[in-house]
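# Residue-level structural notes
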Amino acid sequence: MKTTFYIAGGDERMVHLANALIKDGENVTAFALEKSGKLLPQVNVSTDIGDAASAGVVILPLPVSDEKGFLNAPFAEGKCRLSDVMKVLSPGTLLFGGKFSVENREEAKKKDIILCDYYEREEFTVRNASLTAEAAVALSLELLRESIREMPGLILGHGRIGRLLLAMLKALDADVTVAARRFSDLAWIRSEGGTPLEFCHLKENLGKFRVIFNTVPAPVLKREELVLIRKDAILIDLASPPGGIALEDAKELGLDARMALGLPGKFAPKTAGEIIRDTVFNELKEREAL
């Protein structure tokens, strides 16, 4: 018997996820995607959250909810609390989503719902980071309105996104410097073709760069650093809230700085949806092997 997939909420990524599952021949029902219109031509769109009770697998978006506990559902006609979704699920239901809260996990445990956070899986994180880096390059080109070739650029941080961003910018022949704190990271940056920069020497070098990408989820560009940046620079913050750039100070100083969250869903929603599909299938395959 086929598994019934119930997709609840989300942006265009979830729409493409639903379409990808339909293409795979799966049974799919979608909830809180009413305003997606022609993007969901073959999917049964439900307006009754109670339909989730009969689903074997329920897939929620990334992130699953907003700060007030409402389901993340920009394509929905109305609002629905995530807790209301969980209330109707049957024991044993596999519930997938990205960035579940501690309260979500406790509620799932009480109801014997099997909660699977795909955001915590390495294959998802790596592929999503690659899409983020690719989209960040596209955004920078859109904002700069000129070639990035030989342009002096700075990446703050050398995590997954920072490393992938360095590789992509180097492929475009940009002049890339990467700031990091650990000596091991500085060695890797050099071996990957970037110019390593210790964070303790950041201030004295900030005025060189035309484009700056932040990947550090901590305050790194405060007002005292921002005043040192050239006025025609573009600043893109890719870190999780509250980010690493003091955006209000940047605005007051006349700098073009912006928080760039959810780039995969904005620049490549089809691919981002397929990544969620693949990650869910990987989890299902592993559970079959248990």
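That block above? That's the structure.
Residues numbered from 1 in each chain as written. Predicted model: local features only at pLDDT ≥ 70, side-chain atom pairs only at ≥ 80, totals over all residues. Heavy atoms only, no water.

For the protein chain, the helix and strand inventory stands at ten helices and twelve strands. Taken against the 2.2 N^0.38 rule, which gives 19 Å for 290 residues, the C-alpha radius of gyration of the protein chain at 21 Å falls within 12% of a compact globule. Considered along the principal axes of its C-alpha atoms, the protein chain spans approximately 60 × 40 × 35 Å. Expressed as a percentage of the 290 residues in the protein chain, the buried residues total 50%. Expressed as a percentage of contacts within the protein chain between residues at least 6 apart in sequence, the contacts between residues at least 24 apart total 56%. Surface exposure of the protein chain reaches about 14,100 Å², of which carbon and sulfur atoms provide 51%. The centroid of the 38 positive side-chain charges in the protein chain is displaced by 2 Å from the centroid of its 42 negative side-chain charges. (Helix = DSSP H or I, 4+ residues; strand = E, 2+ residues; numbered from the N terminus. Rg over C-alpha atoms; globule rule 2.2 N^0.38 Å. Buried < 20%, exposed > 50% of the residue type's maximum accessible area, 1.4 Å probe, protein only. Contact = heavy atoms within 4.5 Å. Areas by Shrake-Rupley, 256 points an atom, 1.4 Å probe, with all protein chains shown as cover. Lys, Arg positive; Asp, Glu negative; His and termini not counted. Charge placed at Lys NZ, Arg CZ, Asp CG, Glu CD.)

Our focus in this paragraph is unusual backbone geometry. Across the junction of L62 and P63, the peptide omega takes the value -10 degrees, indicating a cis bond. Here P63 is to be found in the loop between β4 (57-59) and α2 (82-88). In this structure, K99 is a non-glycine residue whose phi angle is positive, near 65 degrees. Mapped onto the elements, K99 comes out in the loop between β5 (94-97) and α3 (102-110). Under the relative-accessibility criterion, K99 is labelled partly exposed at 38%. A positive phi is found at D112, a non-glycine position, where the angle reads about 60 degrees.

This part is about the nonpolar core. Membership of the largest hydrophobic core comes to 28 residues, with the highest contact counts inside it found for F5, I7, I59 and F96. Looking at this core, the elements that each hand over two or more residues are β1 (4-8), α1 (12-23), β2 (27-31), β4, β5, α4 (122-144) and α10 (269-289). With six residues, α10 is the single largest residue contributor to this core. Once residues lying within four places of it in the same chain are set aside, the contact partners of F96 are V57, V58, I59, L60, C116, Y118, V280, E283 and L284. Counting residues in each nonpolar core, the second largest holds 26 residues, with L139, I148, V178 and V211 among its members. (Core = buried A, V, L, I, M, F, W, Y, C linked by side-chain atoms within 4.5 Å.)

Looking now at the packing of aromatic side chains. All chains considered together, the criterion is met by four aromatic pairs. Taking the centre distance of 6.3 Å and the plane angle of 25 degrees together, the rings of Y6 and F31 count as stacked. With a gap of 25 residues between them, Y6 in strand β1 and F31 in strand β2 connect regions that are remote in the sequence. The exposure classification of Y6 matches that of F31, with both residues buried. In textbook terms, an aromatic cluster arises when at least three aromatic residues are bridged by ring pairs, as seen for Y118, Y119 and F124. The ring centre of Y119 lies 4.9 Å from the NZ or CZ of K99, which sits over that ring. Directly above the ring of F199 sits R181, whose terminal nitrogen or CZ lies 4.2 Å from the centroid. (Phe/Tyr/Trp six-rings, centres within 6.5 Å; stacked < 30°, edge-to-face > 60°. Lys NZ or Arg CZ within 6 Å of the ring centre and 35° of its normal.)

Here β5 shows no split at all, with L94 and F96 on one side and L95 and G97 on the other all buried. For the handedness criterion, the β-α-β arrangement of β4, α2 and β5 is classed as right-handed. In this structure, β5 lies alongside strand β6 (residues 114-117), joined through four bridges in parallel fashion. Note on β6: the bridge partner recorded for L95 is L115. With α3 bridging β5 and the parallel β6, this β-α-β connection has right-handed handedness. (Right-handed = clockwise from strand over helix to strand, strands pointing away. Pairing = 2+ DSSP bridges.)

On to α4, then. In an α-helix there are 3.6 residues to a turn, and that puts residues three or four apart on one side. Taking 1.5 Å per residue as the helical rise, α4 with its 23 residues ought to reach 33 Å, and the 33 Å between its terminal C-alpha atoms agrees with that figure. Directly after α4, the chain includes R145, whose backbone phi takes a positive value near 65 degrees. (Expected span 1.5 Å × (residues − 1).)

Moving on: the pairing of β1. Of all the five residues making up β1, four are buried; the element is thus mostly covered by neighbouring parts of the structure. Relative to β2, β1 is paired through five bridges, and the arrangement is parallel. Paired with A8 across the strands is F31, a residue of β2. In this structure, β1 lies alongside β4, joined through three bridges in parallel fashion. By the bridge assignment, I7 is partnered in β4 with I59.

The next point concerns the environment of P61. Tracing the chain through its elements places P61 in the loop between β4 and α2. On the basis of relative accessibility, which here comes to 2%, the residue P61 falls in the buried class. In this structure, P61 is in contact with A8, G9, G10, M14, L71, N72, G97, G98 and Y118, ignoring residues within four places of it in sequence.

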